[in-house]
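Architecture and fold: a report
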Amino acid sequence: MDQPYAYRRRELVEPDWRRLPGWRDVTAEEWESAQWQRAHCVKNVKQLRDVFGDLLDESFYADVERDQAERATMSILLPPQMVNTMVPGGVPTVEAMYADPVRRYMLPVFSDRDPVWPSHPHASRDSLHEAEMWAVEGLTHRYPTKVLAELLPTCPQYCGHCTRMDLVGNSTPTIDKHKFTLKPVDRLDAMVDYLRRSPGVRDVVVSGGDVANMPWARLESFVSRLLEIDNVRDIRLATKALMGLPQHWLQDDVRTGMERLATAARSRGVNIAIHTHVNSAQSVTPLVAKATRAMLDTGIRDVRNQGVLLRGVNDTQQDLLDLCFALQDEASILPYYFYMCDMIPGSEHWRLAVHEAQALQHAIMGYLPGFATPRMICDVPYVGKRWVDQLESYDRTRGVSYWTKNYRTSVEREDEEALTRRYPYYDPISTLPVEGQMWWRTNDAGDQVAAQRNAAASRSAAEALTGS
Ligand code: SF4
C-alpha cells in the first residue's frame, strides 16, 4: 500500500552558479570565499538584473521594485549562495522564479501579497513585544530562565518575513527602522552585567540579526564572558548564515575560534549549539553540510534548525519532510522547530492559520525519529512559544485562537491576572469562512484596534507622567 510520503535518500547538489549570466565566469575558488560572497550580494533590482539579465523580464523586475516601494518591511540582501538556490535545477524562467519557494520569501514581489488584507488589523512591528521586555537594551527577558541577546541589528541576508523587522536591517520606504541607542560595546557590557546579577537565568540565545555579522573577536569575547557566569548552562548562537553564507562558517579563523569556545564550554559542562533557519530543502547544499560538519567538528553540542512555516514555501507534508530529511540525513542538522510566521505588517500571504499548522504537525508525525520530529510552534504575543495543539479554545469563524501560560513575562510581575488571562492569536483573514471575513469587514477591525492602541498609549503616557 502506498504511503502518503515516500522516503528516498537524496544526494545534496550544489547548483551550478554559471547557469546565471552574471556569474558565468565565477570560479569555484571565488564562490567558496566568504569575502567574494559578501562583496557580490544582490541588494537592489539593478544588481538582480546584472545576475539574471534577460532570463527574467521587465514585469518581474517591476514587481520586485513595486514591492520594495509599497510593502516591503525588509530591504533586499541576498548572498550569491542564496540566489543560486532559487530554481536550482535549471536555467530560471520567469514562471519558475515566481513559483520558487526560496524566491517567495527571500525576494518578495508585490503580486504575491494579499490584495485585500496585506496586513492583519492586529499586526504590529515588534509583534512579540520584545523591546518592551528588554532588561537592558537588546536583552529580552521574556521567559523565567532564558533570555535573548540581540547583539547587532544586521544579517548577511534579509528575509522578507523577518520577525525583528522593527529593528533589523535597513529602513525601507514604508518602515523606518528603530535604532539601538547605546554604543555596541556598552550594550554588550550591560547585557553581561545583567546576566551576572541574574542567577535565575540559565539559557542565553545569542542572536541579532545574525551572529555571522559580528566580528569574530567580539563574538568570541562575549560568549567567553557568558561562559564565566556559573548559572549559564546553555548558549545558542543564532545564524541563518550557516545556510545563507556557509562560506563564513568555513573560514579558518572562525573554525579555530569556535574550537576555543567549544573547548572552554566542555570544560565547564556548558552546551553551545548553533541554531540556524532553513525553510526549504533546496537550500541544503553540500556547502551547507560542509559548514555544519566543520562546526560540529569544533566540539559544539549540536546544530539545530528553527524554520518558519510559510505558505507557498513549505506548507505541505512533502515540503516539510523533504526538508527535514535533507537536514537530518545529509547535513547533520537537527530539525527542531517550525514557527508560525509572526504577525508583522505585510505577512498575511505567508501566514498559515493555526488549524493548518496543526494539520501539518499531524502529517509529519511518524516518519522521522522522535528526537528529530520538529514541533510546530505558535509564538503568541505576551505568552511565548506554544505547541500548536496547546491552544485553550478556538473560534474558527473569526480565526481567533486563545492561549494561556504558566509564567509571567518581565512586564507582568505585578499583573495578578497574567496566569489566568486568555491571550488571542489571529489567523489570516483570507483563510476564514465568508462569515468570518464579513465580520472583520463590518466590524471595522482596523479602527477598533487603532482605538485600543491609542487608549493603551495614552494610559502608558499618563502613567509615565505620574510616575506610577
Ligand atoms: S536571518 Fe533572521 S534576523 Fe536576519 S532577516 Fe532573516 S529572519 Fe530576520
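Residues numbered from 1 in each chain as written. Predicted model: local features only at pLDDT ≥ 70, side-chain atom pairs only at ≥ 80, totals over all residues. Heavy atoms only, no water.

**Here's the deal with the sheet that holds strand β1 (residues 134-136)**
Spatially, the 10 strands line up as an open sheet ordered β1-β2-β3-β4-β5-β6-β7-β8-β9-β10, and their pairing is mixed. Single-partner strands in this sheet number two, and they are β1 and β10 (384-387). Of the pairings in the sheet, the one linking strand β8 (residues 334-340) to strand β9 (residues 375-380) comprises three bridges and is parallel in character. Within β9, the position partnered with Phe-338 by the bridge is Met-376. (Pairing = 2+ DSSP bridges. Helix = DSSP H or I, 4+ residues; strand = E, 2+ residues; numbered from the N terminus.)

**Observations regarding the pattern of salt bridges**
Tallying each qualifying case throughout the model produces 23 salt bridges. The shortest N-O distance in the salt bridge between Asp-203 and Arg-236 comes to 2.7 Å. Placement of Asp-203 in strand β4 (residues 203-207) and of Arg-236 in strand β5 (residues 234-238) is noted, with a sequence separation of 33 residues between them. With a relative accessible area of 6%, Asp-203 lands in the buried category. By relative accessible area, Arg-236 is classed as buried at 12%. Across the pair Arg-304 and Asp-302 runs a salt bridge, and its minimum N-O distance is 3.6 Å. The pair formed by Arg-304 and Asp-302 is uniform in burial state, with each residue classed as buried. Salt bridges sharing common partners tie together Asp-415, Glu-417 and Arg-421. (Salt bridge = Lys/Arg side-chain N within 4 Å of Asp/Glu carboxyl O. Buried < 20%, exposed > 50% of the residue type's maximum accessible area, 1.4 Å probe, protein only.)

**Describing the pairing of strand β6 (residues 271-276)**
In terms of burial, β6 is a largely internal element, five of the six residues being buried. Where β5 and β6 come together, five bridges link them in parallel fashion. Bridging across to β6, Leu-237 finds its partner in Ile-274. Judged from the four bridges that link them, β6 and strand β7 (residues 302-309) form a sheet pairing that is parallel. Within β7, the position partnered with Ala-273 by the bridge is Asp-302.

**Notes on the sheet that holds strand β13 (residues 423-426)**
The three strands are arranged β11-β12-β13 in an open sheet whose pairing can be described as antiparallel. Since the sheet does not close on itself, it has two edges, and those belong to β11 (393-395) and β13, each with one partner. Between one strand axis and the next, the sheet turns through 25° on average, direction left out of account. As paired strands, β11 and strand β12 (residues 400-403) are joined by three bridges and run antiparallel to one another. Each bridged residue has a counterpart across the sheet, and for Asp-395 the counterpart in β12 is Val-400. Sheet contacts for helix α15 (residues 354-364): β11, β12 and β13; angle to β11, the most-contacted strand, approximately 125°. (Axes fitted to C-alpha atoms, helices over the stretch in contact; angles between N-to-C directions. Contact = heavy atoms within 4.5 Å.)

**Describing unusual backbone geometry**
The amide bond that connects Gly-208 to the next residue, Gly-209, takes the cis arrangement and shows omega of 15°. Along the chain, the position of Gly-209 falls in the loop between β4 and α9 (216-227). For Val-87, which is not glycine, the phi dihedral falls at a positive 45°. Assignment of secondary structure puts Val-87 in the loop between α5 (80-83) and α6 (94-99). The exposure class of Val-87 is buried, given its relative accessible area of 12%. Despite not being glycine, His-129 has its phi angle at roughly 60°, a positive value. Mapped onto the fold, His-129 is located in the loop between α7 (101-106) and β1.

**Remarks on the pairing of β10**
As judged from the four bridges shared by β9 and β10, these two strands associate in the antiparallel manner. Looking at β10, one finds that Ile-377 is bridged to Trp-387. Here β9 hands over to β10 after three residues, with Tyr-382 in that stretch at a positive phi of 70°.

**Describing the site of the ligand**
Taken together, the residues surrounding the ligand are Met-74, Cys-155, Gln-157, Tyr-158, Cys-159, Cys-162, Gly-209, Lys-240 and His-277. Of the residues belonging to the shell around the ligand, the class tally is five nonpolar, three polar and one charged. (Near = heavy atom within 4 Å. Nonpolar A, V, L, I, M, F, W, Y, C, P; charged D, E, K, R; others polar.)

**Details of helix α13 (residues 286-297)**
Its 12 residues place the ends of α13 16 Å apart at the C-alpha level, agreeing with the 16 Å of an ideal helix rising 1.5 Å per residue. Along α13, the positions that sit buried rather than exposed are Leu-287, Val-288, Ala-289, Ala-291, Thr-292, Ala-294 and Met-295. Two residues or fewer past α13, Gly-299 is found with a positive phi of approximately 105°. (Expected span 1.5 Å × (residues − 1).)

**Side note on the packing of helix α8 (residues 184-196) against α9**
For the pair α8 and α9, the least separation of the axes is 10 Å and the interaxial angle reads 15°. Here α8 is positioned roughly parallel relative to α9, judged by the angle of their axes. For the element pair α8 and α9, the recorded crossing hand is right-handed. For the pair formed by α8 and α9, the contact residues are Pro-184, Leu-188, Asp-189, Met-191, Val-192, Leu-195 and Arg-196 on the first element and Arg-218, Phe-222, Arg-225 and Leu-226 on the second. Of the residues contributing to the contact of α8 with α9, the split by class is seven nonpolar, no polar and four charged. (Parallel < 35°, antiparallel > 145°, perpendicular 65-115°, else oblique. Left-handed = near helix turned anticlockwise from the far one by under 90°.)

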